[in-house]
Amino acid sequence: MGEHSREHLSRKDSIWIQTGREGQELDAGSATGKSLGVFTSGGDSQGMNSAVRAVVRMGSFLGCKVYYIKEGYQGMVDGGDHIIEASWASSSGIMQKGGTVIGSARCADFRQREGRLKAAKNLIDKNITNLVVIGGDGSLTGANLFRQEWNSLLDELKATDRITDEQRKSCSSINIVGMVGSIDNDFCGTDMTIGTDSALHRIIESVDSISTTASSHQRAFVLEVMGRHCGYLALVAALATEADWVLIPECPPDKGWEKTLCKKLSAEREMGLRLNIVIIAEGAIDIEGNPITANMVKDLITNELKYDTRVTVLGHVQRGGKPTAFDRILGARMGAEAVLALMDAKPDTPACVVSLDGNQTVRVPLMECVERTKSVQEAMNKKNFQEAVRLRGKSFQNNLATYLRLSKLRPPKVMCDPTGQVCSSGKKLAVMNIGAPACGANAAVRSFVRFALTKGYTVLGIHDSFDGLLYGDMTQIVDPVKPIGWTDVHGWTCQGGSLLGTKKCTAARYGLDKVAEKLKEHDISGLLIIGGFEAYHSALQMAEARSKYDAFCIPMVVIPCTISNNVPGTDFSLGADTALNEIADICDRIKQSATGTKRRVFIVEVMGGYCGYLATMAGLAGGADAAYIYEDPFNITNLRDDVVHLKNKIIQLGVQRGLILRNENANANYTTDFIHQMFSEEGKGSFTCRKNVLGHMQQGGVPSPFDRNYGTKMASKAVDYMITKVEENTTEDGKIKSCTKDSAVLLGMCRRQLLFTPLEDLRGITDFEKRLPKQQWWLSLVRPLLRIMAKHSNEAYRADAILSKVDFEDDDNA
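Residues numbered from 1 in each chain as written. Predicted model: local features only at pLDDT ≥ 70, side-chain atom pairs only at ≥ 80, totals over all residues. Heavy atoms only, no water.

**Some remarks on the nonpolar core**
The condition is simple: Residues grouped as a nonpolar core are buried Ala, Val, Leu, Ile, Met, Phe, Trp, Tyr and Cys residues, joined through side-chain atoms within 4.5 Å. Burial classification: accessible surface area is computed with a 1.4 Å probe over protein chains only, and a residue below 20% of its type maximum counts as buried, one above 50% as exposed, and the rest as partly exposed. Put simply, DSSP H or I for four residues or longer makes a helix, DSSP E for two residues or longer makes a strand, and each gets a number counted from the N terminus. Contacts are residue-level and defined by heavy atoms, with any inter-residue pair within 4.5 Å sufficient.
Met179, Met542 and Tyr613 are the most contacted members of the largest nonpolar core, which has 186 residues in total. Broken down by element, the residue count for this core peaks at 13 residues, all from helix 11 (residues 325-344). Those residues in contact with Tyr613 that lie beyond four places of it in its chain are Ser564, Asn565, Phe572, Ala576, Leu580, Ala618, Trp777 and Trp778. Ranked by size, the runner-up nonpolar core spans 37 residues in total, among them Tyr67, Ala120, Ile128 and Leu154.

**A closer look at the sheet that holds strand 10 (residues 276-281)**
Note the threshold: Two strands qualify as a pair provided that DSSP identifies no fewer than 2 bridges between them. Lines fitted to C-alpha atoms define the axes, with helix axes restricted to the stretch in contact, and inter-axis angles between N-to-C directions lie between 0 and 180 degrees.
Read across the sheet, 4 strands follow the order 9-10-8-11 without closing on themselves; strand pairing throughout is parallel. Unpaired on one side and paired on the other, strand 9 (245-247) and strand 11 (309-313) mark the two borders of the sheet. In this sheet, adjacent strand axes meet at a mean angle of 15 degrees when their direction is disregarded. In this sheet, strand 11 lies alongside strand 8 (residues 220-225) in parallel orientation, the contact comprising 5 bridges. Within the sheet, the bridge partner assigned to Phe221 lies in strand 11 and is Arg310. Helix 7 (residues 196-217) contacts strand 8, strand 10 and strand 11 of the sheet and is inclined by roughly 165 degrees relative to strand 8. Running over the sheet, helix 8 (residues 232-241) touches strand 8, strand 9 and strand 10 and is turned about 160 degrees from strand 10.

**What to know about the sheet that holds strand 23 (residues 744-750)**
Strand order in the open sheet made by the 7 strands is 16-15-14-17-18-23-24, with mixed pairing throughout. Two strands bound the open sheet, and with one partner strand each, they are strand 16 (481-483) and strand 24 (753-758). For this sheet the average axis-to-axis angle between neighbouring strands, irrespective of direction, equals 25 degrees. The pairing of strand 15 (residues 458-462) with strand 16 spans 3 bridges and is classified as antiparallel. Across the sheet, the residue bridging to Leu460 is Pro483, located in strand 16.

**Digging into helix 13 (residues 385-392)**
The condition that has to hold: Of all possible arcs, the one meant is that of the directions from the helix axis to the C-beta atoms.
Among the residues of helix 13, Phe385, Ala388, Val389, Leu391 and Arg392 are the ones counted as buried. One face of helix 13 carries all of its buried residues, which in axial projection span an arc of 165 degrees. Looking at the packing, one finds that the buried side of helix 13 touches helix 12 (366-381) and helix 14 (394-406). Just beyond helix 13, the residue with positive phi is Gly393, at close to 110 degrees.

So, in structure tokens, the structure goes:
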């Protein structure tokens, strides 16, 4: 942790509100006397409960009275028991539930002024002058109208003696902050809405399951997913499942698409593929604006190709189930920021939406977002589909462009043959995995291979890491360094582990001279390394040895891929999201196992080496009471205080289960066994204790939608960057001489952008002994939030949201 972060975390009972460039410090409890209401409106989405929980607990931390407004706007209009005060305990145990526990309903009454008048009266009776709205663009638009009318509503209520002069004065203004809860991800101004990631999980689980039965019977399947006006779900699901065709409203197929589709499916069968998957958004249309339905596509394939074809309409399955770790964490971060934005607001502050841009939470003007969202539909109504795609934002554009390039049947003939052995450039790029296996690596390899082939570059797959490169004849692989063809990587996106093979060892351990000799022998012009800390360290070792070995004077790019997320230069590593989902799912099951058992605390050990990312993030996603990690030192006094804290919650608040997470290398002396024994002993009479070590199951499973998509787009950018460097540094005799520091880089997500950072610049911020970055973004942000959510009231929290505009065209995010 950096020096600034340590200083900040040591400042107790204070909270930092960052608004744009200036900051304002508030003491915890300084909002005493204020009241706020939270409600969910419109369609439900997974993760809403996490946002509600965060609003309640951050509001309580600041000393606010927080009210649940049940059944959305209808509950606000009806009042009475629909508006009840929330407590810390009442928000316990809801994070892992899907839907919304406080209900959601469409409300015709609120569309009328008389309904809004009743709603205003009900809020004033509770002294509620701050509202958190969790819903779609219609719900947010209604909230903004309510705010604009507020003074006139109060005047009318006062004129009819329904409120007093004192109430009119004390409630003279109302502030609104929104969060977008929608599985469609159809709201402009945010990369992801709450619920989208969970819906993608449901879709991809279904496609993966359908693929096995479709392959068995050589069937074609047409899957209809939600998305009446937005094709995000269909597009990203197609990208993550390698679907053969996707139909979305923003990008209708050209005339004659029916013949093109049948030709492609037929060619794939001739190449030996046993299944075909077509994904269609429920709002799909053709270029004339006519609807395209799943049954239309099914009849087309059946009649023209005579394939056994089935239709699956996923429907509300996509809204169901428990939220993913991503949505739980997103809801928690956004909910906390929403409360801080309300406390920071003035009577003339425009209503805002808390959004996500890359890994940065931002506050964007509500009505600008709404207008931008409406403009997408206006463009589509005018059949200006190119403009509609542009208005969806950079992330949507990148997804669409990536899918269109990857889904081709074969690379362009002028660039490369399908085997990848004869390519127009005559140059070879290589790809290898180094480190422990992590989900998302295979998606990155597939993307790298296919994008490189479309540019005319041969790709050599180096199997079994340095073992394959140096000792090929001993690896039991016929040819461990060989070209990878277009169809060789078919189906790789959905596979976990490393299909290329990997090993946890650095280049120096094998001998840099030997590695250089082999790279030169294979005439490699550029090298992509996908892996964890060993991958980064190996690339750095090779880059620093360029003065001795010319073979290292080639473009080298590292894509971080490790569940530990301990590589410097990036906020996220491939595989970490999948691991977090595994941990959150297991913790849910562990807690559920104690249903009917009173007062039980679970001590759970997770992986991560010396990096506490998994423990901290899984703690936030799982509602843990504490997470012990190496970067945040703890002692016996802290452990004792946490036992006392747990006992108080169990005895005073009636909490039945507790969860403590511990990173595997958190402390050499305070081991998982020690903590388990201590909690068991000190908790006697208050709770019983059980221990669980999760082990390597955290590295297993199939990649999450996030890791599939992230790996695909990271590799796409790596190809473009690498080829640019190759072409810039090709000498007259065709040799590559690239020794500048910007030709040996690590590609990572840094807040709002994907950045290529020179490895040389990362050395100074790396702890090589503990294999950690010296500064990690989540330490000063998520750690305090986790403690606040667990009712540790003496924490400090720094908001990370910044003010931003709706348009992120200049940003280069994933």
